Structure formats: structure tokens, C-alpha cells
Amino acid sequence: MINGKFSSLDELMEKNSILSYKLPVEILERVRKQNLWTMEYTERVAEEYLRFMFLATKNYVVPSLEVDEIWHAHLLFSRDYSTFCKEFLQRTIHHGPSTTLASISDDKEMYANTKRLYFMYFSETPPEDIWPSSNVRFRNVHFANIDLLTHWVFPAGDWKACAKVLLKHLFLKLKLW
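Residues numbered from 1 in each chain as written. Predicted model: local features only at pLDDT ≥ 70, side-chain atom pairs only at ≥ 80, totals over all residues. Heavy atoms only, no water.

1. Things to note about the confidence of the model for the chain
Rules: Think of pLDDT as the predictor's per-residue confidence, scored from 0 to 100. In what follows, residue pairs with any heavy atoms lying within 4.5 Å of each other are defined as contacts.
On average, residues of the chain carry a pLDDT of 86, and 87% of them reach 70 or more. Considering only residues more than four positions removed or in separate chains, one finds that residues 1-5, a stretch of pLDDT under 50, has seven contacts.

Below, the structure is given as C-alpha cells:
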């Protein structure tokens, strides 16, 4: 890429080839269910994942948490991921987590650089709901797998929502007696 233009027809064709790839519906469904996303949002994140993978063929890049969810799911479908890497990327893109405070600090800088590269190659800013600011992307989060059939989940501090569901549940139990 030179001055916002693709330096060769080959580079432009490579970008279009990667972006034309269709992730298997099983991957999309898995990510949709695990994250409680709509299918529309899941498909948007999948498109951003493909853009990210194109950027990964050019430079060291750091994904958003949402894009990382798609990447993790794709890695689980190892045969499809291997084929995608060989046929569309012409190389394997390896995934490694941030493990130290120093690497997280480096990742913050690289994440900001990823968003700059995104603008350079795609001539648009990445969507904020998928590519949030570095402060949001690297906030202290705690993820857990929870069985939603046996547990209720409420946003932290939303006591009104909690009380509403508890009262409704209690009312239904009393009515059934």
C-alpha cells in the first residue's frame, strides 16, 4: 500500500479474495449462541474478522474482543481454518494471548495501530461497536461460562432488573401452589 492506494493489482485481488470467504454457518451459530448476539451482528463481526485477517497478512495486528471471539471459534474448526489460511492467506496466522502486563501494554499500542492500518487499507474507520477504543478494549474484564438454564445474569448494579425478575419468579411460584 502506497499513499492509501494498493501498490499492485495482486494486493487488491488478495484483499477481495479474503473478503469473499464465507465462514461456515456452524462457526457463526456457535459464536452467536455463546455471546447472545443477533445473527446480523454476528455476520458483521465475521466480516470484520476477515478484514482483520487480511491486515494480519500485512503486519502484526491485535483484534477487538468481538473479532477475537470469531477467531477462537474458527481455530476450533481446525480443518476449515487450515484451508482458509492456505488458500486465502497463503500462510498460517498463529494466535497468541497477552500474558504479561508488558505484552498488554504493547498490545494496546498495536491495537491502536491495527485501527490505523484498517483505515489505511479500507478507507473507513472501523465500526465502534466492534472496534471500541483501547480503553474499552483493554479494560479489566472477567469472563465466565455460565449455564443460562440454571443461572440468572444481570448487569452489575442493575438492582431494578434483578428485583423485577425475582418478584415475577416468586409470583409465578406462589400462583402455582
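2. Concerning the nonpolar core
Condition: Joining through side-chain atoms within 4.5 Å is the link that ties buried Ala, Val, Leu, Ile, Met, Phe, Trp, Tyr and Cys residues into a set, and such a set is a nonpolar core. Accessibility here uses a 1.4 Å probe with only protein chains present; expressed as a share of the type maximum, an area under 20% marks a residue as buried, one over 50% as exposed, and anything in between as partly exposed. For the purposes of this entry, the term helix denotes a DSSP run of H or I that reaches at least four residues, the term strand denotes a run of E that reaches at least two, and both are numbered from the N terminus.
Counting residues in hydrophobic clusters, the biggest one holds 37 residues, and the most contacted among them are Leu23, Tyr49, Met53, Leu55 and Phe84. Mapped by element, the contributors of at least two residues to this core are helix H2 (25-35), helix H3 (39-56), helix H4 (65-76), helix H5 (78-89) and helix H6 (101-122). If we ignore the near neighbours within four places in the chain, the residues touching Tyr49 are Leu23, Val67, Ile70, Trp71, His74, Tyr81 and Phe84.

3. Thoughts on the pattern of salt bridges
One side chain can pair with another of opposite charge once the charged atoms of both are near each other. Put simply, the rule reads: For salt bridges, the criterion is a side-chain nitrogen of Lys or Arg within 4 Å of an Asp or Glu carboxyl oxygen.
For the structure on display, the rule yields four salt bridges. Where Arg32 meets Glu29, a salt bridge forms, and the shortest distance between an N and an O atom there is 2.9 Å. With Arg32 and Glu29 both in helix H2 and three residues apart, the pair spans about one turn of that helix. Judged by relative accessible area, Arg32 falls into the partly exposed class, the value being 23%. With its nearest N and O atoms 3.9 Å apart, the salt bridge here joins Glu47 to Arg51. One end of the pair is Glu47 and the other is Arg51, both in helix H3 and four residues apart, which spans about a single turn. The class of Glu47 is partly exposed, set by a relative accessible area of 42%. One continuous salt-bridge network, built from bridges that share partners, spans Glu47, Arg51 and Glu124.

4. Looking at the side chain of Lys115
Rules: When charges are counted, Lys and Arg are positive and Asp and Glu negative, with His and the chain ends excluded.
Position of Lys115 among the secondary structure elements: in helix H6. For Lys115, which is buried and forms no salt bridge, the nearest opposite charge comes from Glu128, at a distance of 4.4 Å. If sequence neighbours within four positions are ignored, Lys115 has contacts with Pro126, Glu128, Trp131, Pro132 and Ser133.

5. Considerations on the environment of Leu148
Residue position: Leu148 is located in the loop between helix H7 (134-137) and helix H8 (159-176). The class for Leu148 is partly exposed, based on a relative accessible area of 45%. Filtering out sequence-adjacent residues up to four positions away, Leu148 remains in contact with Leu36 and Val153.

6. Quick word on the packing of H4 against H5
What counts is decided by this rule: Helix axes are fitted only over the stretch in contact, all axes being lines through C-alpha atoms; the angle between N-to-C directions runs from 0 to 180 degrees. Roughly parallel means an angle under 35 degrees; roughly antiparallel, over 145; roughly perpendicular, 65 to 115; everything else is oblique. Only Asp, Glu, Lys and Arg are considered charged, only Ala, Val, Leu, Ile, Met, Phe, Trp, Tyr, Cys and Pro nonpolar, and every remaining residue, Gly among them, polar.
Packing of H4 against H5 leaves a shortest axis separation of 5 Å and a crossing angle of 105°. By the angle class used here, H4 and H5 are roughly perpendicular. Between H4 and H5, the contacting residues are Trp71, His74, Leu75 and Leu76 on the first element and Ser78, Asp80, Tyr81 and Phe84 on the second. Of the residues in the contact of H4 with H5, the class split is five nonpolar, two polar and one charged.

7. Brief notes about the packing of aromatic side chains
How we decide: A pair of aromatic rings is counted whenever rings of Phe, Tyr or Trp (Trp by its six-membered ring) have centres within 6.5 Å, and the orientation is called stacked for planes under 30 degrees apart, edge-to-face for over 60 and tilted otherwise. Distance and angle both matter: a charge sits over a ring if NZ of Lys or CZ of Arg is within 6 Å of the ring centre and within 35 degrees of the ring normal.
Per the counting criterion, the structure on display carries 13 aromatic pairs. Residues Phe54 and Tyr121 carry aromatic rings whose centres are separated by 5.4 Å and whose planes lie at 80° to one another, so their mutual orientation is edge-to-face. Placement of Phe54 in helix H3 and of Tyr121 in helix H6 is noted, with a sequence separation of 67 residues between them. Grouping residues by exposure puts Phe54 and Tyr121 together as buried. Three or more aromatic residues joined by ring pairs form one cluster here, namely Phe52, Phe54, Trp71, Tyr111, Tyr118, Tyr121, Phe122, Trp131 and Phe138. When the ring centre of Phe122 is taken as origin, the NZ or CZ atom of Arg51, which lies over that ring, is 4.5 Å away.

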